[in-house]
Structures are given as structure tokens and as C-alpha cells.
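# A closer look at the structure
Residues per chain, in single letters:
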Amino acid sequence: MPPKKKAVAAAAAVPAPAPIEEDVPMDDAPAPTATENEVEANEENGDEADAEKDDDVVSVFDEEQRIRILPGSSDTAASFEFMKEDHTLGNSLRYIIMKNPDVEFCGYSIPHPSEALMNIRIQTYEGTTAVEALEKGLTDLMDLCDVVADKFCKAREEYTASPMA
């Protein structure tokens, strides 16, 4: 029976939880301010920036570079690092690239789950380069996605046009 006394004494030694503070309204919070760079960019672009936002135009040149060739690559064998990508693109791209008869090997890996990086390794036969195989794989994957999107839209239209039973 003595162990029970020790357990009761240990439970009594635990401090009581701190009282929970009530939520406060955010009306008094300061409004976010633009940085100097954002202000300068808006002043330089003027109305053009507003027109682009309205049209939802995204320029490829506005984004950071998200693909780089890793060191130790040759013409027919190269490793590429994709930033802000995961298994969704990695496995899809690997599958499409392996369909290319000029590709000897293609594999991808995620170096660590907490990092938003995806590496893909491509080895090709003589006559084509790893960069060409990657470009063809990306183009073929985009074409495949377009076909899937078109079929989905047609099926959705047929479903919504059909009378409900």
C-alpha cells in the first residue's frame, strides 16, 4: 500500500493549470503595412500591375527559379532539384519520363519530409540529353493533364445536363 501514498503525493504536487485568457477582438490590431520594396514596385509598375492582377496573369519571370541541375551531371546523366514539390510531381514525372524510349533510367526522391525539395535523376542513351528528356517529360505531363481536364469537364457537363432520376 505505500506506493499508493507516493502516487497521491506526486499528484498533489502537480501545479494547477494557468487560467485561460479570454479571446480579444482584433479591432485594435495594427493594419499590415507594405514594405519599401513593395511600395517601390507598385510605384514603378503603376496601372500595369493593377491590370495584371485583374486579368490573373502570372508571368514565369516573376517567380523564383525552382529547378536546378545538381553538380556532377553530364549530358546523358543528370540530377535535378525541384523546390516546393513533392511526391505528386515526382512520381508522375518519373512515370512519364520512363515512357520515353531514349531514357535508360529515371528515379526521384524526397531528401527529407520536412524540406519541400524533390530530386529526380535521369539517365539517357546516347543521342539525347537528360535536359531534353526532362523537357519532353514535363511537356508530355502537361498534355496528359490537359486531356484529363477536358474529359472531366465533358463528363461533368453530361452529368449536370442529364435529368435527375
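Residues numbered from 1 in each chain as written. Predicted model: local features only at pLDDT ≥ 70, side-chain atom pairs only at ≥ 80, totals over all residues. Heavy atoms only, no water.

A few words now on the overall build of the chain. If you tally the helices and strands in the chain, you get five helices and four strands. The N-to-C order of helical and strand elements in the chain reads α-α-α-β-β-α-β-β-α. For the chain, buried positions account for 18% of its 165 residues. Of the contacts made within the chain by residues no fewer than 6 positions apart, 49% connect residues no fewer than 24 positions apart. Entry remark: accessible area of the chain is about 13,500 Å², with carbon and sulfur atoms responsible for 57%. (Helix = DSSP H or I, 4+ residues; strand = E, 2+ residues; numbered from the N terminus. Buried < 20%, exposed > 50% of the residue type's maximum accessible area, 1.4 Å probe, protein only. Contact = heavy atoms within 4.5 Å. Areas by Shrake-Rupley, 256 points an atom, 1.4 Å probe, with all protein chains shown as cover.)

Let us look at the nonpolar core. Within the largest apolar cluster, 16 residues are counted, with the highest numbers of intra-cluster contacts made by Phe-80, Phe-82, Leu-93, Ile-97, Ile-120, Ile-122 and Leu-134. For this core, the secondary structure elements donating two or more residues are strand E2 (77–83), helix H4 (87–98), strand E3 (103–109), strand E4 (117–124) and helix H5 (130–161). Excluding its chain neighbours within four sequence positions, the residues that come into contact with Phe-80 are Ile-67, Arg-68, Ile-69, Leu-70, Met-118, Asn-119, Ile-120, Ile-122, Ala-130, Val-131 and Leu-134. (Core = buried A, V, L, I, M, F, W, Y, C linked by side-chain atoms within 4.5 Å.)

Burial within E4 is extensive, with six of its eight residues counted as buried. Bridge analysis of E2 against E4 gives seven bridges, and the strand direction is antiparallel. Bridging from a neighbouring strand, Phe-80 pairs with Ile-120 of E4. The sheet contact formed by E3 and E4 spans six bridges and is antiparallel. Bridge pairing in E4 links Val-103 to Thr-124. (Pairing = 2+ DSSP bridges.)

With that settled, consider the environment of Met-98. You can see Met-98 is positioned in helix H4. According to the relative accessible area criterion, Met-98 is partly exposed, its value standing at 34%. Considered as a pair, Met-98 and Ile-122 are 24 residues apart in the sequence and their alpha carbons are 9.1 Å apart. Not counting the four nearest positions on each side in its chain, Met-98 is found in contact with Val-103, Glu-104, Phe-105 and Cys-106.

In the predicted model, the chain carries a mean pLDDT of 78, and 61% of its residues have values of at least 70. The secondary structure element of the chain with the lowest average pLDDT is helix H3 (residues 47–55), at 49, and the one with the highest is E3, at 97. (pLDDT = per-residue confidence, 0-100.)

This next bit is on the sheet that holds E2. Strand order in the open sheet made by the four strands is E1-E2-E4-E3, with antiparallel pairing throughout. The sheet is open, and its two borders are formed by strand E1 (67–69) and E3, each paired with just one other strand. Strand-to-strand, the axes of this sheet are offset by a mean angle of 20°, without reference to chain direction. Along the sheet, H4 contacts E2, E3 and E4; its crossing angle with E3, the most-contacted strand, is approximately 175°. Against the sheet, H5 contacts E1, E2, E3 and E4, and its axis sits at roughly 45° relative to E2. (Axes fitted to C-alpha atoms, helices over the stretch in contact; angles between N-to-C directions.)

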